[in-house]
Amino acid sequence: MSLSETTRSPVPLSETRSPTPLLFRRHSSGEIRNIASLSSSLLPAFGTVMGESSVRLKRFVIAPYDRRYRLWQTFLVVLVVYSAWSSPFELAFNKASTGALLPVDLVVDAFFAIDIILTFFVAYLDKSTYLLVEEHKKIAFRYITHLRFPMDVASTLPFQTIYRVITGKMSRGQVFGFLNLLRLWRLRRVSKFFSRLEKDTRFSYFWTRYCKLISVVLFAVHSAGCFYYWLATRYHNSESTWIGANIPDFKSRSIWLGYTYSMYWSIVTVTTVGYGDLHAVNTEEKIFTIFYLLFNIGLTSYLIGNMTNLIVHTAVRTFAMRDSINEILRYAQKNRLPEGLKEQMLAHLTLKFKTAELQQEQVLENLPKAIRSSISQQLFRTTLENTHLFKGVSDDFIVQLVSEIKAEYFPPKVDIVIQNEIPTDFYIIVSGAVDVVTYKNGTEQFLSKLGSQQMFGEIGVIFNIPQPFTVRTKRLSQVVRISHHDFKQLVQPLQEDGKIILTNFIQHLKGLKNEELAEMPLVSEFLDDFISEEDTVNEAGTQDYASQVQQENAIFTTTPALSETPGTRVIIHGYHPDHKPNKGGNAGKLIHLPDSVENLLSIAESKFGKRGTTIIMKDGSQVEDLAALREDDHLYIF
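Residues numbered from 1 in each chain as written. Predicted model: local features only at pLDDT ≥ 70, side-chain atom pairs only at ≥ 80, totals over all residues. Heavy atoms only, no water.

Topic: the overall build of the chain
Stage number 1. Each helix and strand in the chain was counted, giving 22 helices and 14 strands.
Stage number 2. A total of 638 residues make up the chain; the buried ones form 42% of that total.
Stage number 3. Considering only contacts in the chain between residues 6 or more positions apart, those separated by 24 or more positions represent 69%.
Stage number 4. Element-wise, carbon and sulfur atoms account for 58% of the exposed surface of the chain, whose accessible area totals about 35200 Å². (Helix = DSSP H or I, 4+ residues; strand = E, 2+ residues; numbered from the N terminus. Buried < 20%, exposed > 50% of the residue type's maximum accessible area, 1.4 Å probe, protein only. Contact = heavy atoms within 4.5 Å. Areas by Shrake-Rupley, 256 points an atom, 1.4 Å probe, with all protein chains shown as cover.)

Take a look at the structure:
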């Protein structure tokens, strides 16, 4: 088989060469079209320099992954199958080795002789450096000094033909039958071939392993049957053999009759059926049968173990699902859970198994972050850009945000967000629909419906307050989840994007229904204050740009999720605790505690319209150190 070679310009010996660029060589030098079929032995070492200068090999050097060389190796595997059958067969049936099979053996040996010559021109991978070695002297020295070379030569030499050429006679001695068994050395090619197929994702792993197991069984049955027949042919009394007891003149009968009897005995024995019609007669046959039966124990264990693994592997997810469902049913029965809640648990578990291959964090967890980010952008970037909170933000912010999101599926009638829970994440709907509901006086009230590219849970996250609503899926929905912590870390260094997000958020709040705002007093108060400040700015008319920026920064820092430290939340009142105003004027204002008393007095002035000088607690004690205050303390400023 001719393999055209390529020439290359001289390259300094100090240059680091890597096999990886050769994966993308032009078609004439063997292009690898599917990297999934690449053997792991051809992968480069970490830190290997790869460049265009290492694309070409020396003249008359064959790349081990060359497409035509791989086809040649596959063709030799077919010839190895013939050698695996003919070698034991010619030992048992000596007449076949000097008859019709002799020319076939010579042709097969000629092909393997060509392969020996080609091996002197095949580059190899240095195991210490993982670089291709293409110097002819090194290739030849490595091959000659390895056990592979003498065994390749010994398994290729036609000893019987050489003897006939030297002596002029055709010998049928037993020694040539055993020399022919050296051809079984070629079986290592079949083992490597199956190993390569098992790693190649283009082929079914189950059927590759299944074919390998069948091949092992057939070779064992064939070899044992041939050797058992050989024992009968060399025994001094033909009638005192396992086959002679049934066919006295078996030596003069057809070769295929003897082979049929041999295969029948071997198959019956290896399957442990043992009809007893063909059994060992003399001592040699009994000894061989003992060892063959012991071998069959190991072979059967090997087959059963491999087949069990292959079958169980395909059903392991089903077993896990059934076990999980049974555990849920037992748990629900033991704790007497209502049917509706039990159905939700089962629906969620079933959906989890059905969409296991679609869960982004599970599928992509073993990939590098750059690849995960690229996939997420491909899938979810459009959804994020069309969400009301992120319209108009920079590409840099979107790219960073997409890499931090997590995709999830939820079955129908499942609560994704629960009212009054701690805000840890907010969600964007990719597909499906959800209902926003609230519980008031023990009654569930429907507020609104959200669909694709809409967001929920962001109010609790941004204001750092318990989630004001319960969000429940109407049908199968896919959502992406954004962590409160990750969102905060992204917004802090990108102030311009933070202002855009805040503006979008305020516009969204303005569009909320009155029923929704009524459930969020803090949000309503924030919105009222912002609108009043905005009106003041518009009425002034003479306020310069710096004042507008100052106002925007003030609003920006009052939003907890967009500020660096949300601070402690306290409730302030604009009167003395002993002098409560008339009904309707005693409502306090929930604020985040500033860093100084002066700032606290300024905030109280903006809230109540008058400047206070004294700050006391509900019990009458005066506040001197703001650091001593706790969450939800009531402060009275007058």
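And the narrative resumes.
Structural notes on helix H17 (residues 484-491)
Stage number 1. Buried within H17 are the following residues: His484, Phe487, Lys488, Leu490 and Val491. On an axial view of H17, the arc spanned by its buried residues comes to 165°, and they lie on one face.
Stage number 2. Looking at the buried positions of H17, the neighbouring elements they touch are helix H15 (395-402), strand S5 (425-431), helix H16 (458-463), strand S10 (477-483) and helix H18 (495-510).
Stage number 3. Of the residues that open H17, the one with a side-chain oxygen 3.3 Å from the backbone nitrogen of His485 is Ser483. (Arc of directions from axis to C-beta. Polar contact = N/O pair within 3.5 Å; in protein donor to acceptor, adjacent residues only side chain to side chain.)

Re the pairing of strand S3 (residues 406-410)
Stage number 1. Counting buried positions along S3 yields four of five residues, so the element is predominantly enclosed.
Stage number 2. In the sheet, S3 pairs with S10 via five bridges, with the strands oriented antiparallel. Among the inter-strand pairings, Ala407 is bridged to a residue of S10, identified as Val480. (Pairing = 2+ DSSP bridges.)

Brief notes about a nonpolar patch on the surface
Stage number 1. The grouping of Ile287, Ile290, Phe291, Leu294 and Ile297 at the surface amounts to a nonpolar patch, some 530 Å² of accessible area in total.
Stage number 2. Inspection of the secondary structure assignment puts Phe291 in helix H11 (residues 283-334). (Patch = residues over 30% accessible without salt bridge, like charges linked within 9 Å, V, L, I, M, F, W, Y side chains within 5 Å. Salt bridge = Lys/Arg side-chain N within 4 Å of Asp/Glu carboxyl O.)

Examining the pairing of strand S11 (residues 569-573)
Across a regular strand the side chains alternate sides, sitting on one face of the sheet and then on the other.
Stage number 1. With four of its five residues buried, S11 lies for the most part within the structure.
Stage number 2. Sheet topology places S11 next to strand S12 (residues 589-592); four bridges connect them, and they run antiparallel. Note that in S12 the partner of Val570 across the bridge is Ile591.
Stage number 3. The pairing of S11 with strand S14 (residues 634-637) spans three bridges and is parallel. When the sheet's bridge partners are listed, Ile572 is paired in S14 with Leu635.

Some points on the packing of aromatic side chains
How two aromatic rings sit relative to each other is set out by the distance from centre to centre and by the angle between their planes.
Stage number 1. In total, this model carries 37 aromatic pairs according to the counting rule given.
Stage number 2. Ring geometry for Phe426 versus Phe487: centroids 5.1 Å apart, planes at 85°, classification edge-to-face. With Phe426 in strand S5 and Phe487 in helix H17, this residue pair connects regions lying 61 residues apart in the sequence. Each member of the pair Phe426 and Phe487 is classed as buried. (Phe/Tyr/Trp six-rings, centres within 6.5 Å; stacked < 30°, edge-to-face > 60°.)

Observations regarding the pattern of salt bridges
Stage number 1. Enumeration according to the criterion identifies 22 salt bridges in this entry.
Stage number 2. Residue Arg481 pairs with Asp425 through a salt bridge whose shortest N-O separation is 3.8 Å. One end of the pair, Arg481, is in strand S10; the other, Asp425, is in strand S5, with 56 residues separating them in the sequence.
Stage number 3. Arg481 gets classed as partly exposed once you look at its relative accessible area, which sits at 22%.
Stage number 4. Classification of Asp425 by relative accessible area gives buried; the value is 13%.
Stage number 5. Across the pair Glu598 and Arg611 runs a salt bridge, and its minimum N-O distance is 2.4 Å.

Brief notes about the environment of Pro158
Stage number 1. Within the element layout of this structure, Pro158 appears in the loop between helix H5 (148-156) and helix H6 (159-167).
Stage number 2. The spatial distance from the C-alpha of Pro158 to the C-alpha of Leu102 is 9.4 Å, given a sequence separation of 56 residues.
Stage number 3. Those residues in contact with Pro158 that lie beyond four places of it in its chain are Leu106 and Asp109.

Some points on the sheet that holds S12
Stage number 1. Strands sit in the order S12-S11-S14-S13 across an open sheet of four strands; the sheet is mixed. The sheet terminates laterally at S12 and strand S13 (615-616), the two strands that pair on one side only.
Stage number 2. As judged from the two bridges shared by S13 and S14, these two strands associate in the antiparallel manner. By the bridge assignment, Ile616 is partnered in S14 with Tyr636.

A look at unusual backbone geometry
Stage number 1. For Arg336, which is not glycine, the phi dihedral falls at a positive 55°.
Stage number 2. Note that Arg336 resides in the loop between H11 and helix H12 (339-354).
Stage number 3. The exposure class of Arg336 is exposed, given its relative accessible area of 77%.
Stage number 4. Unusually for a residue other than glycine, Gln453 sits at a positive phi of about 65°.
Stage number 5. Turning to its location among the elements, Gln453 is positioned in the loop between strand S7 (443-450) and strand S8 (455-456).

Quick notes on the packing of helix H1 (residues 67-92) against helix H9 (residues 205-234)
Stage number 1. Closest axis-to-axis distance for the H1/H9 pair is 8 Å, and the angle between their directions is 15°. Taken together, the axes of H1 and H9 lie roughly parallel to each other. For the crossing formed where H1 meets H9, the hand is left-handed. Two secondary-structure elements touch here, H1 through Ala84, Trp85, Pro88, Phe89, Leu91 and Ala92 and H9 through Phe219, His222, Ser223, Cys226, Phe227, Tyr229, Trp230 and Thr233.
Stage number 2. Split into classes, the residues belonging to the contact of H1 with H9 amount to 11 nonpolar, three polar and no charged. (Axes fitted to C-alpha atoms, helices over the stretch in contact; angles between N-to-C directions. Parallel < 35°, antiparallel > 145°, perpendicular 65-115°, else oblique. Left-handed = near helix turned anticlockwise from the far one by under 90°. Nonpolar A, V, L, I, M, F, W, Y, C, P; charged D, E, K, R; others polar.)

Focus on the UniProt feature "transmembrane region" (unreviewed entry) in the chain
Stage number 1. In the numbering used here, UniProt assigns the "transmembrane region" (unreviewed entry) feature to residues 69-86, 106-125, 210-231, 256-275 and 287-305.
Stage number 2. As annotated, residues 69-86 has a helix share of 100% and a strand share of 0%, and its two end C-alpha atoms lie 26 Å apart. (UniProt positions renumbered as here; feature names shortened; annotations may be inferred.)

Brief notes about the sheet that holds S3
Stage number 1. Across the sheet, four strands lie side by side as S3-S10-S5-S8; this open sheet has antiparallel pairing. Edge positions in the open sheet fall to S3 and S8, since each of these has one partner strand only.
Stage number 2. Summarising the sheet, S5 and S10 pair through six bridges and their orientation is antiparallel. Bridge assignment links Ile429 to a residue of S10, and that residue is Val479.
Stage number 3. Against the sheet, H17 engages S5 and S10, with an angle of about 60° to S10.

Points about the environment of Ala110
Stage number 1. Relative to the helices and strands, Ala110 is located in helix H3 (residues 101-119).
Stage number 2. For Ala110, a relative accessible area of 38% corresponds to the partly exposed category.
Stage number 3. Placed 46 residues apart in sequence, Ala110 and Thr156 show a C-alpha to C-alpha distance of 7.7 Å.

Describing the side chain of Asn282
Stage number 1. Mapped onto the elements of the fold, Asn282 is located in the loop between helix H10 (255-270) and H11.
Stage number 2. For Asn282, the residues in contact, after removing those within four places along its chain, are Tyr235, Ser240 and Thr241.

Points about the nonpolar core
Stage number 1. The biggest cluster of nonpolar side chains holds 50 residues, and the ones touching the most others in it are Leu384, Leu389, Phe390, Phe397, Phe456, Phe463 and Phe487.
Stage number 2. Leaving out residues up to four positions away in the same chain, Phe390 has contacts with Leu384, Glu385, Phe397, Ile398, Leu401, Phe426, Ile428, Met455, Ile482, Phe487, Ile501 and Asn504.
Stage number 3. In this structure, Phe194, Tyr229, Phe250 and Phe288 belong to the second largest nonpolar core, which totals 44 residues. (Core = buried A, V, L, I, M, F, W, Y, C linked by side-chain atoms within 4.5 Å.)

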